[in-house]
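# Analysis of the macromolecular model
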Amino acid sequence: MQDIHVIVAGAAGEGIQTIGDLLVRLAAAHGYAVFSWKEYESRIRGGQNRYAVRIGMEPVNAPLSEADILLALNKGALAKYEKLLKDNGIIISPEKDNRDRFLSIPFADIAKHEIGQTIYANTLAIGALVSALGMDLEITKGVVKNVFSKKGEDMIDKNIQALVEGFNRAGRECRDRCPWNLPLREDRYYVLTANEAIPMAAAYAGCRFISAYPMTPSTGIITFLAKEKDRLGVFVEQAEDEIAAVNMAIGASYAGARAMTATSGGGFALMVEGISLAGMTETPLVVVLAQRPGPATGLPTRTAQGDLLFAVNAGHGEFPKMVLAPSDPLDAFYKTVMAFNLADQYQTPVILLTDQFLADSHFSFKDFEPWDVTPKFHWAGTGNHNEYKRYRLTESGISPRLYPGQSKHLVCADSDEHNEYGHITEDLEKMAPAMAKKRMLKLDMLKKSVHPPEEVATKGADFILVSWGSTRGSVLEAISLMRGTGVKAGMIHFTELWPLPKYEFPRGKALYIVENNASGQLSRLLRSQYNISSRGFVHRFDGLPLTAGYIRRVYHEHNG
Amino acid sequence: MSTMDDYQSDAEIQWCPGCPNFGILQAFKKAFVSIGKDPHEICLVSGIGQAAKLPHYLKCNFFNGLHGRAIPVALGVHAANPDLKTIVVAGDGDCYGEGGNHFLHTLRRNPDITVVVHNNEVYALTKGQASPTTPKGERRTLQFNGVQVPPLQMLAVAILHGCTFVARGFALEVDHLQDLLVSAVEHPGLSLVEVVQPCITWGTHPLKWYQERVRIVKEDYDPTDRSAAMELAMTWGETIPIGILYQSGPVETFGHDYRHTVTDRPLTELKPLDKGLMEKMLSEFRL
Ligand SMILES: Cc1ncc(C[n+]2csc(CCOP(=O)(O)OP(=O)(O)O)c2C)c(N)n1
Ligand code: SF4
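Residues numbered from 1 in each chain as written. Chains lettered and ligands numbered in written order. Predicted model: local features only at pLDDT ≥ 70, side-chain atom pairs only at ≥ 80, totals over all residues. Heavy atoms only, no water.

### Overview of the overall build of chain B
Scanning chain B from terminus to terminus reveals ten helices and eight strands. Relative to the globule expectation of 19 Å for 287 residues, the C-alpha radius of gyration of chain B, 20 Å, shows essentially globular dimensions. Expressed along its principal axes, the backbone C-alpha trace of chain B runs to roughly 70 × 40 × 40 Å. Buried positions account for 58% of the 287 residues belonging to chain B. Residue pairs in contact within chain B that sit at least 24 positions apart in sequence constitute 71% of those at least 6 positions apart. Surface accessibility of chain B: about 11,700 Å² in total, with carbon and sulfur atoms responsible for 52%. (Helix = DSSP H or I, 4+ residues; strand = E, 2+ residues; numbered from the N terminus. Rg over C-alpha atoms; globule rule 2.2 N^0.38 Å. Buried < 20%, exposed > 50% of the residue type's maximum accessible area, 1.4 Å probe, protein only. Contact = heavy atoms within 4.5 Å. Areas by Shrake-Rupley, 256 points an atom, 1.4 Å probe, with all protein chains shown as cover.)

Following this line, the structure appears as structure tokens:
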């Protein structure tokens, strides 16, 4: 079976979120792998948004451009998204149209007259989709009952009635126009977003404190931890601004609690002084930077990979720092645990770079067993110090870390250049350079903790796509698309961006660097670090994620 | 029992000789002895400025962070370990200027910490520019024709926004200040102590000017009277009232929901999450 791609399009507040979420559940309940991503305007009502759902036999966690089915809830949605429909695709919509590809079902009218209230229009639409997709009505009823279980008998009955009505209407309309069929399968998948994986991983890693200021697309992380306070036990504080957020997290970390914050570009800009503070005071800190297109407020709800160099260079002065960019929610789980471990081990900030696409998209996994990386703590132990010095100069650069109140030993931290006790120093001859050197020594150690990039099909490849972070799924799919037409592409994918690992690029292969930004930030980073040159680029910077089709098209445009 | 010597730091003091900050330092040591906490049970948090150097001159835990950001760091410390006596030491520029937003919102949070503001009506460390508390009309090194705008009245703001302990002290009234600090630290909830701390280098008036004006509030003054407290908080001129201006409460403190439902112990004492729980949570995503 070829993957089926459904686009649900409509105004904000019109129900596309409910319909999309339910469709994801339904596909999973039928035993299919789903991938979904969202694209929405920065407003609460109106506008035109899309919720795209990809359904397949195997998880392919990448967005598609062309749709098989467009469920357009209004005229504007139809106008905006119809161009994405494949030639043999169909449109389900309350709008009237005589073309053959059109299933015209006036959801709201039917809901009002047949069921009693227009609020059932969305369930009617679901019924129509289920029918067009060839899903099972009984399974669907079960899922719908479950979803509305808290709403009372009457609501459940009405929803089921609406579902069946939509299902039957579309059934009659579909005739021979809906070739899809999704019979029940045994398979079950884990379906989750990075904004769900990261907070779970953080709590697992031992994070006990999060402070953040709401900013799309990072807000889901603190919200998840607030919602799960009783199970995960994380102290959650909505700060008055991002400066407070990062400083609170630093305070909590200094006092012994693993701590984090999460934000997006503008908020991260406000946190930068704090990141430098964590570097200077050698306080472990994990910051999630969920990217969206800038500059300034940019496109608040869209996606981009525009802050790579900003993250790598964040913070005045020189201090060690790590930047990790996970490629999917499973990788995000691993990298989150790794971030807390390394922040603790090297007593320094670690930045987790995600983006709106990764934060909000549902990815499917056959297995989700992220247990290879386990939480590790690096406390110094209170017993073995004749005289405790928080910033003792050591060979490794790592000083013994205790927390205040743990023992009689006093823990003194300072943002000024300091001596081994944590007191201000202006000793330029010995202490200042020794401290600077000690901090930078940790960067050399950190370098040893990073892994080389992932290589896929590089041997025998004619050229290699080089990518980072959340674009992995699309690049992998692009490679297989190209291979299908005899074009031998490979992939080198980076998820550990700073410090960069020791790595030798395969010799003599043309490199094409693929990024969700305009200026080629990975290119610049790689050029400075590995002295490589690339043959070409694939950049996308319209606020939408890279798709395999897009990558292939741009590659061929450059190469005839 | 601790003694003054227990809080004696070896760090070299960088203040100008004769600065009233020394009085505040002395009051702190005396207060710590009265409170009966050992150095390791106390955590001082400061930002940047002359005042913010004070933690270096006392022996206890401290976090000397960024200009303006002492309060959020202190909130994090207190959230992580409510057993520590967390005390913020800040200048008026540090606390009311650069960190003004944190100050405002922390009034609402009511954390069980103490904030001590050295009010010298100037940015001393950066060489004498106006601060948010510089009186209108007074000249500073950047305000050649005098400050054009009125000063902030943060003690009044604190009372207005529910701070349940608001006091004003004077750096040269060491014993009185000691008592204020003891009461402040022992008060459940946020306590604010603003200390009149004349700057002998950049200030407009000689010490005598302050000594003549400072008046300890009368014995029979009722600090639970909010309007009277507002009045005194805004009094700065012919007289400068010092003492506990306002005290009420107790009211719910920062993190009370968490403290009641998860733990009232330091967060370091929480057990690691069990892998079984994580598997259970993840299984909820298996659709
Ligand atoms: C972000 C930032 N901005 C500016 C400064 C420079 N700076 C250091 S202390 C200070 C003002 C100090 O005034 P105050 O807080 O009243 O303390 P005082 O020195 O008077 O005790 C300024 C502006 C800084 N360190 N950091
Ligand atoms: S500059 Fe003013 S506040 Fe600073 S130490 Fe000197 S006298 Fe004190």
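### Describing the overall build of chain A
In terms of helices and strands, chain A carries 18 helices and 21 strands. Relative to the globule expectation of 24 Å for 560 residues, the C-alpha radius of gyration of chain A, 26 Å, shows essentially globular dimensions. When the backbone C-alpha atoms are referred to their principal axes, chain A occupies close to 85 × 60 × 40 Å. Among the 560 residues that make up chain A, the fraction classed as buried is 64%. Counting contacts in chain A only where the partners sit at least 6 residues apart, residues at least 24 apart contribute 74% of the total. With an accessible surface of roughly 20,900 Å², chain A has 49% of that area assigned to carbon and sulfur atoms. Looking at chain A, you have 61 positive and 63 negative side-chain charges, and the mean spots of the two groups are 2 Å apart. (Lys, Arg positive; Asp, Glu negative; His and termini not counted. Charge placed at Lys NZ, Arg CZ, Asp CG, Glu CD.)

### Some details on unusual backbone geometry
Cis rather than trans, the peptide bond between A:Thr216 and A:Pro217 has omega equal to 5°. Mapped onto the elements, A:Pro217 comes out in the loop between strand 8 (207-212) and helix 8 (219-227). Cis geometry is adopted by the peptide bond preceding A:Pro499, which originates at A:Trp498 and carries an omega value of -10°. Take A:Pro499: it is sitting in the loop between strand 19 (496-498) and strand 20 (510-515). Within the chain, B:Lys127 stands out as a residue other than glycine whose phi angle is a positive 80°. Examined against the element boundaries, B:Lys127 turns out to sit in the loop between strand 4 (114-119) and helix 5 (154-160). By relative accessible area, which is 55% here, B:Lys127 ends up exposed.

### As for helix 1 (residues 16-29) of chain A
Residue and element names in this part refer to chain A. For helix 1, with 14 residues, the first-to-last C-alpha span of 19 Å sits near the 20 Å given by 1.5 Å per residue. With ten of 14 residues buried, helix 1 lies mostly within the body of the structure. Residues of helix 1 that are buried include every one of Ile16, Ile19, Gly20, Leu22, Leu23, Val24, Leu26, Ala27, Ala28 and Ala29, and no others. Positioned one or two residues after helix 1, Gly31 has a phi angle of 90°, which is positive. (Expected span 1.5 Å × (residues − 1).)

### Quick notes on the domain arrangement of chain A
Residues and elements named next belong to chain A. Domain boundaries assigned for chain A yield domain 1 (4-174), domain 2 (192-368), domain 3 (383-449) and domain 4 (454-559). Once you take the C-alpha centre of each, domain 2 and domain 4 turn out to be 26 Å apart. Across the contact, 28 residues belong to domain 2 and 23 residues belong to domain 4. Buried area between domain 2 and domain 4, both sides added, is near 2,000 Å², and the carbon and sulfur share of it is 60%. Among the residues domain 2 hides against domain 4, the three largest losses belong to Gln305, Leu308 and Leu309. Together they make up 34% of the total. Counting across the domain 2 and domain 4 interface gives zero salt bridges. At the surface where domain 2 touches domain 4, the tally comes to twelve residue pairs in polar contact (both at pLDDT 80 or more). Mapped onto the side of domain 2 that touches domain 4, the elements with two or more residues apiece are helix 12 (308-313), strand 12 (322-324), helix 13 (329-346), strand 13 (349-355) and helix 14 (356-360). It is helix 12 that contributes the most residues to the side of domain 2 that touches domain 4, four residues altogether. Looking at the side of domain 2 that touches domain 4, its residues break down into 16 nonpolar, five polar and seven charged. (Domains from an automatic or database assignment. Buried area = accessible area lost by both parts, 1.4 Å probe. Salt bridge = Lys/Arg side-chain N within 4 Å of Asp/Glu carboxyl O. Polar contact = N/O pair within 3.5 Å; in protein donor to acceptor, adjacent residues only side chain to side chain. Nonpolar A, V, L, I, M, F, W, Y, C, P; charged D, E, K, R; others polar.)

### Quick notes on empty space enclosed by the protein
Residues and elements named next belong to chain A. Scanning the model with the defined rule gives eight cavities of 30 Å³ or more in all. In this structure, the largest cavity occupies an estimated 60 Å³ of space. Forming the walls of the largest cavity are Tyr254, Thr281, Glu282, Thr283, Pro284, Arg390, Tyr391, Arg401, Leu402, Val411 and Ala413. Classifying every residue of the lining of the largest cavity gives six nonpolar, two polar and three charged. For the lining of the largest cavity, the two domains that each supply at least three residues are domain 2 (192-368) and domain 3 (383-449). (1 Å grid on protein atoms, 1.4 Å probe; cavity = no way out; pocket = protein on both sides within 12 Å on 5 of 7 lines; lining within 4 Å. Points joined across faces, edges and corners; volume = space filled by probe spheres on them.)

### Notes on the site of ligand 2
In the neighbourhood of ligand 2, the contacting residues comprise B:Trp15, B:Cys16, B:Cys19, B:Asn21, B:Gln50, B:Asn120, B:Ala124, B:Gln197, B:Cys199, B:Ile200, B:Thr201 and B:Trp202. Grouping the constituent residues of the shell around ligand 2 by class yields seven nonpolar, five polar and no charged. (Near = heavy atom within 4 Å.)

### Topic: the environment of A:Val554
All names here are of chain A. Checked against the element boundaries, Val554 lands in helix 18 (residues 548-559). Its relative accessible area of 9% is what places Val554 among the buried residues. Residue contacts for Val554: discarding those within four places in its chain leaves Phe537 and Val538.

### Here we look at the interface of chain B and chain A
The interface of chain B with chain A comprises 57 residues on the first partner and 64 residues on the second. When chain B packs against chain A, close to 5,200 Å² is buried across both sides, 67% of that on carbon and sulfur atoms. A per-residue breakdown of the area chain B buries against chain A is headed by B:Leu282, B:Phe285 and B:Leu287, which together make up 15% of the total. Where chain B packs against chain A, one counts five salt bridges. A salt bridge links A:Glu240 to B:Arg109, with the nearest nitrogen and oxygen atoms 2.5 Å apart. Applying the counting criterion to the chain B and chain A interface returns 22 residue pairs in polar contact (both at pLDDT 80 or more). Elements with a minimum of two residues in the side of chain B that touches chain A: strand 2 (61-64), helix 2 (70-80), helix 4 (100-109), helix 9 (256-261) and helix 10 (275-283) of chain B.

### Observations concerning the packing of helix 7 (residues 194-204) of chain A against helix 13 of chain A
Relative orientation and spacing of two packed helices are given, respectively, by the angle between their axes and the distance between those axes. Residue and element names in this part refer to chain A. Look at helix 7 against helix 13: their axes get within 8 Å of each other, and the N-to-C directions meet at 30°. For the element pair helix 7 / helix 13, the angle class is roughly parallel. Helix 13 is crossed by helix 7, and the crossing has right-handed handedness. The segment helix 7 lies against helix 13, with Ala194, Ala197, Ile198, Met200, Ala201, Ala202 and Tyr204 engaging Pro329, Ala332, Phe333, Thr336, Val337 and Phe340. (Axes fitted to C-alpha atoms, helices over the stretch in contact; angles between N-to-C directions. Parallel < 35°, antiparallel > 145°, perpendicular 65-115°, else oblique. Left-handed = near helix turned anticlockwise from the far one by under 90°.)

### Here we look at helix 6 (residues 153-174) of chain A
All names here are of chain A. Helix length check: helix 6, at 22 residues, gives a terminal C-alpha distance of 31 Å against a target of 32 Å (1.5 Å per residue), a fit within 8%. For helix 6, the full list of buried residues reads Ile156, Asn159, Ile160, Ala162, Leu163, Glu165, Gly166, Phe167, Ala170 and Cys174. At its buried positions, helix 6 is contacted by strand 6 (102-104), helix 3 (107-115), helix 4 (121-133) and helix 5 (137-147). Count one or two residues on from helix 6 and you reach Arg175, which has phi positive near 40°.

### Considering the pattern of salt bridges
What the rule picks out here adds up to 43 salt bridges over all chains. Residues joined by salt bridges that share partners form a network here, namely A:Glu82, A:Asp97, A:Arg99 and A:Arg101.

### Thoughts on the sheet that holds strand 17 (residues 463-468) of chain A
All names here are of chain A. Strands sit in the order 16-18-17-20-21 across an open sheet of five strands; the sheet is mixed. Of all the strands in the sheet, just strand 16 (454-456) and strand 21 (536-539) have a single pairing partner and so form its edges. Taking the axes of each pair of neighbouring strands and ignoring which way they run, one obtains an average angle of 20° across the sheet. One ladder, built from three bridges, connects strand 16 with strand 18 (residues 489-494); its direction is antiparallel. From the neighbouring strand, Glu455 faces strand 18, where its bridge partner is Ile492. (Pairing = 2+ DSSP bridges.)

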